[in-house]
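Tertiary structure, described
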Amino acid sequence: MKIRKRIAIYGSTGSIGTQALEVIEAHADLFELEILTAHSNADLLIQQAKRFKPNMVVISDESLYTKVNEALSGDSIKVFAGEKSLIEIAASDSYDILLAAIVGFAGLSSTIAAVQQGKIVALANKETLVVAGDIVSALVHKHQATLLPVDSEHSAIFQCLVGESSREVEKIILTASGGPFLGKKPNYLINVKKDHALQHPNWTMGAKITIDSASLMNKGLEMIEAKWLFGLKNEQIEVIVHPQSIIHSMVQFVDGSMKAQMGLPDMKLPIQYALAYPERISNDFKRFEFKNFPSLTFEAADTKTFRNLALAKDAMLLGGNAPCVLNAANEVVVEAFLKNKVGFLEMSDIIESCLEKVPLIEKPTLSDYIQCNYETRALAASFIK
Ligand code: NAD
Ligand code: MG
């Protein structure tokens, strides 16, 4: 009998987390659920724990510890609380693969803890590489950890690179759906509200990444994520809008040949690929059929209207702590947009002001990044009434 892989899901109550649980449930012969974590959705965490019977759960909002602990008292599941527990358990021997599916900067510390133990990390939390890609990549190398991309574009590139040499990559092309506002201009975007922005045409995702997709910040974050995941130079990373979201990304090699990875948009596929890697396992997901998509189309991104993509590229080119500033300002403005406190276009204005005002550090340490995140968040918040 095969040894089952022991899985820790960090952020199990989110969009990626819940889809990962579906994958694990469908392949109980291959995967064993060891650890579940959530921030504040105690009810769902309790429900998941009762169903999947992990060894441990962590609720990072400490005020909810008693509630979770009491609810699970008869289930012989160890209950922990707080960020410190997230880090300690990520550094423990009690699992084989950590699925990093916490959203935002909050996912950085536990991902680093896992990397420092030489673990396999299935990485959904792109912000980790945006904020501190240089340090995380160096730690991956030093501790011989493995990062397996879960983001669909990066999973596509990873799959295209199997059997290839990274020296023979000319460039990669990240595809972007364009989101719900594809083709719209500033005079329209100035009035859009969260309910409209939350309606993504092709993917159902958590609120933050859905807004990032509508503003094209998501693609900007993904350029930076790709740079560190695949060790690319800035000029080797391109973006093309592909509204059908069937080609999930492409690699062009030095001989001009291109590989693309295709399929219906379903995050369960890249999640399953990362958890099962290096194997491919069968499933009953709906299959893509060419006859249902008679035309796959491509167009340049409108970075004059969707300035976040241009700002992210600028931050990538600047390097140092600039992507950390970009990410921190973006987290603050997206949260404010979701509370109707800033307008859609205003988000870019605030991010740009933060990039201008926060001093550039060329070679930041981890504590510089933590401090930079903290200070940029305060600065971004000061621009919001
Ligand atoms: P989500 O908002 O649906 O879920 C986030 C999870 O993180 C929840 O379980 C929540 O409890 C936890 N969390 C939130 N704040 C936390 C904190 N301060 N401390 C600890 N845990 C916290 O988000 P999502 O859409 O599942 O996205 C998760 C990550 O995966 C993001 O980085 C996102 O960019 C990336 N990603 C998501 C998708 C997708 O389809 N949803 C696709 C590609 C990449
Ligand atoms: Mg993506």
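Note that the coordinates shown come from a computational prediction; the quantities given were computed from them, not determined experimentally. Each chain has its residues counted from 1, running along the sequence as written. As a convention, the first chain written is A and the first ligand written is 1, with the rest following in written order. This being a predicted model, a pLDDT of at least 70 is required before a residue's local features are given, and a value of 80 or more before pairs of side-chain atoms are given or counted; all residues contribute to the totals for chains, interfaces and linings. Hydrogens are left out, water is left out, and the side-chain values use all remaining heavy atoms of the structure.

This next bit is on the overall build of the chain. Numbering goes from the N terminus for both helices and strands, where a helix is a DSSP run of H or I of at least four residues and a strand is a run of E of at least two. A count of helices and strands for the chain gives 16 helices and 11 strands. Between the two quantities, the radius of gyration covers C-alpha atoms and the globule rule is 2.2 Å times the number of residues to the power 0.38. In terms of overall size, the chain behaves like a compact globule, its C-alpha atoms giving a radius of gyration of 20 Å where 385 residues would be expected to give roughly 21 Å. Its C-alpha atoms put the chain at 55 × 50 × 40 Å along the principal axes. For the chain, with 385 residues in total, the buried portion stands at 56%. We call two residues in contact whenever any of their non-hydrogen atoms come within 4.5 Å of each other. Counted over contacts in the chain with a minimum sequence separation of 6, partners at least 24 positions apart contribute 68%. Surface accessibility in these figures is a Shrake-Rupley result with a 1.4 Å probe; residues are shielded only by whichever protein chains are displayed. Put simply, the chain shows about 17,200 Å² of open surface, and 52% of that area lies on carbon and sulfur atoms. The chain carries 38 positive and 44 negative side-chain charges, and their two centres are separated by 2 Å. Classification of residues uses two cut-offs on accessible area relative to the type maximum, computed with a 1.4 Å probe and protein chains only: under 20% is buried, over 50% is exposed, and between them is partly exposed. Neither His nor the chain ends is counted toward charge; the positive residues are Lys and Arg and the negative residues Asp and Glu. For this purpose, a charge sits on NZ of Lys, CZ of Arg, CG of Asp or CD of Glu.

Right, let's get into the coordination of the magnesium ion (ligand 2). Each donor-metal-donor angle in an ideal tetrahedron of four donors is 109.5 degrees, and each such angle in an ideal octahedron of six donors is either 90 or 180 degrees. Looking at the magnesium ion (ligand 2), the protein donor atoms are Asp151 (OD), Glu153 (OE) and Glu222 (OE), and they sit 2.1 to 2.2 Å from it. Metal sites are built from N, O and S donor atoms within 2.8 Å, or 3.2 Å for Na, K and Ca, and they leave out water, so they may look incomplete. Look at where the donors of the magnesium ion (ligand 2) fall in the sequence and you get D-x1-E-x68-E. Pair noted here: glutamate 153 is in helix 7 (residues 152-161) and glutamate 222 is in helix 11 (residues 217-230), with a separation of 69 residues, a long-range link.

Turning our eyes to something else, we now look at the site of ligand 1. Near ligand 1, the surroundings consist of 22 residues, among which Thr13, Ser15, His39, Glu127 and Gly206 are the closest. Here a polar contact is recorded for every N or O atom pair within 3.5 Å, except that within protein the pair must consist of a potential hydrogen donor and a potential acceptor, and residues adjacent in sequence are included only if both atoms are side-chain atoms. Note that an oxygen atom of ligand 1 is positioned 3.4 Å from one of the backbone N or O atoms of alanine 124. Relative to its free-state accessible area of 830 Å², ligand 1 is covered by the protein chains to the extent of 86%. Where each domain starts and ends follows an automatic or database-derived domain assignment. The residue makeup of the shell around ligand 1 includes at least three contributed by each of domain 1 (5-149) and domain 2 (154-266 + 286-318). Summary of the distance rule: residues count as near a molecule or strand when at least one heavy atom falls within 4 Å of that molecule or strand.

Looking now at the sheet that holds strand 7 (residues 146-149). To summarise the sheet geometry, strands pair through backbone hydrogen bonds and adopt either a parallel or an antiparallel arrangement. The strand order across the open sheet built from seven strands is 4-3-2-1-5-6-7, with neighbouring strands paired in parallel fashion. Two strands bound the open sheet, and with one partner strand each, they are strand 4 (78-81) and strand 7. Adjacent strand axes in the sheet meet at a mean angle of 20° when their direction is disregarded. Pairing between strands requires that DSSP locate at least two bridges from one strand to the other. Where strand 1 (residues 5-10) meets strand 5 (residues 97-100), four bridges bridge the pair, whose relative direction is parallel. Across the sheet, the residue bridging to alanine 8 is leucine 98, located in strand 5. Axes, fitted as lines to C-alpha atoms, cover a helix only where it is in contact. Angles between the N-to-C directions of the axes lie from 0 to 180 degrees.

Time to look at unusual backbone geometry. A cis amide bond, omega 10°, links tyrosine 277 with the succeeding residue proline 278. Notably, serine 76 is not glycine yet its phi reads approximately 45°, a positive angle. Its place among the elements puts serine 76 in the loop between helix 3 (65-71) and strand 4. Backbone geometry at asparagine 340 places phi at a positive 55°, although glycine is not the residue there. If you trace the backbone, asparagine 340 turns up in the loop between helix 14 (322-338) and helix 15 (346-357).

Locating lysine 268 in the fold gives a position in helix 12 (residues 268-276). Relative accessible area serves as the criterion here: at 16%, lysine 268 is assigned to the buried category. Leaving out residues up to four positions away in the same chain, lysine 268 has contacts with Gln19, Glu22, Val23 and Phe285.

Once that is clear, we can look at the domain arrangement of the chain. Taken domain by domain, the chain consists of domain 1 (5-149) and domain 2 (154-266 + 286-318). Put simply, the middle of domain 1 and the middle of domain 2, counted by C-alpha atoms, are 26 Å apart. Listed per partner, the contact involves 13 residues of domain 1 and 17 residues of domain 2. Buried surface area refers to the total accessible area, computed with a probe of radius 1.4 Å, that the two partners give up upon joining, counted for both partners together. For the pair domain 1 and domain 2, the summed buried area comes to about 1,200 Å², and 70% of that belongs to carbon and sulfur atoms. On the domain 1 side of the interface with domain 2, the three residues burying the most area are Lys126, Val130 and Pro149, jointly 47% of the side's total. The term salt bridge refers to a pairing of a side-chain nitrogen on Lys or Arg with a carboxyl oxygen on Asp or Glu at a separation within 4 Å. Our enumeration of links across domain 1 and domain 2 arrives at two salt bridges. The residue glutamate 127 makes a salt bridge to lysine 208 at a minimum N-O spacing of 2.8 Å. Connecting domain 1 to domain 2 are three residue pairs in polar contact (both at pLDDT 80 or more). The set of elements that each furnish at least two residues to the side of domain 1 that touches domain 2 consists of helix 1 (15-26), helix 6 (127-143) and strand 7. Top element by residues in the side of domain 1 that touches domain 2 is helix 6. It accounts for six residues.

Quick look at the packing of helix 5 (residues 108-116) against helix 6 now. Taken N-terminus to C-terminus, the directions of helix 5 and helix 6 make an angle of 10°; their axes are 9 Å apart at the nearest point. As far as their axial angle goes, helix 6 and helix 5 are roughly parallel. For the element pair helix 5 and helix 6, the recorded crossing hand is right-handed. Of the residues in helix 6, those touching helix 5 at Leu108, Thr111, Ile112, Val115 and Gln116 are Thr128, Val131, Ala132, Val136, Leu139, Val140 and His143. In the contact of helix 5 with helix 6, the residues fall into eight nonpolar, four polar and no charged. If an angle is under 35 degrees, it is roughly parallel; if it is over 145, roughly antiparallel; if it lies from 65 to 115, roughly perpendicular; otherwise it is oblique. Note: crossing handedness is left-handed where the near helix turns anticlockwise from the far helix by less than a right angle, and right-handed where it turns clockwise. Side-chain classes are defined by residue name, with Ala, Val, Leu, Ile, Met, Phe, Trp, Tyr, Cys and Pro counting as nonpolar, Asp, Glu, Lys and Arg as charged, and the others, Gly among them, as polar.

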